[in-house]
Amino acid sequence: MSGWIGGLHIHGLDRGQTPTADYLCTRCGAHKRATGSTDVKTFVATNPAADHSTRCNPATDKPHDAA
Ligand SMILES: [Zn+2]
């Protein structure tokens, strides 16, 4: 995962691998992950970057958005 500076990253799409989607917010450090083709599709469809940006608040004492 070298060079990954945040945002939405999907990997494991090769045959025989388990698809995984990660979203990392570079502003507050929130990290979300979806694993499995169904969950990844749903996760991407929700546009996690836009979804998170509405709740991102790096100034709070809760840097990791658990929602
Ligand atoms: Zn954030």
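Everything numeric in this text was worked out from a predicted model, so none of it was measured.

A. The arrangement of the pairing of strand β3 (residues 31-35) in detail. In this sheet, β3 lies alongside strand β2 (residues 20-24) in antiparallel orientation, the contact comprising 5 bridges. Within β3, the residue paired with Asp-22 across the bridge is Arg-33. Between β2 and β3, which pair antiparallel in sequence order, lie 6 residues; one of them, Gly-29, sits at a positive phi of approximately 85 degrees.

B. Here's a closer look at the sheet that holds β3. The strand order β1-β2-β3 describes an open sheet built from 3 strands, whose pairing is antiparallel. A single partner strand is all that each edge strand has here, and the edge strands are β1 (7-11) and β3. Averaged over all neighbouring strand pairs, the angle between strand axes comes to 15 degrees, with direction disregarded.

C. Main features of unusual backbone geometry. The phi angle at Asn-47 is positive, at roughly 55 degrees, despite the residue not being glycine. Relative to the elements of secondary structure, Asn-47 occurs in the loop between α1 (37-45) and α2 (48-53). Assessed through the 12 C-beta atoms surrounding it within 10 Å, Asn-47 is described here as exposed.

Calculation criteria
- Residues numbered from 1 in each chain as written.
- Predicted model: local features only at pLDDT ≥ 70, side-chain atom pairs only at ≥ 80, totals over all residues.
- Pairing = 2+ DSSP bridges.
- Helix = DSSP H or I, 4+ residues; strand = E, 2+ residues; numbered from the N terminus.
- Axes fitted to C-alpha atoms, helices over the stretch in contact; angles between N-to-C directions.
- Buried ≥ 20, exposed ≤ 12 C-beta atoms within 10 Å, placed from the backbone.

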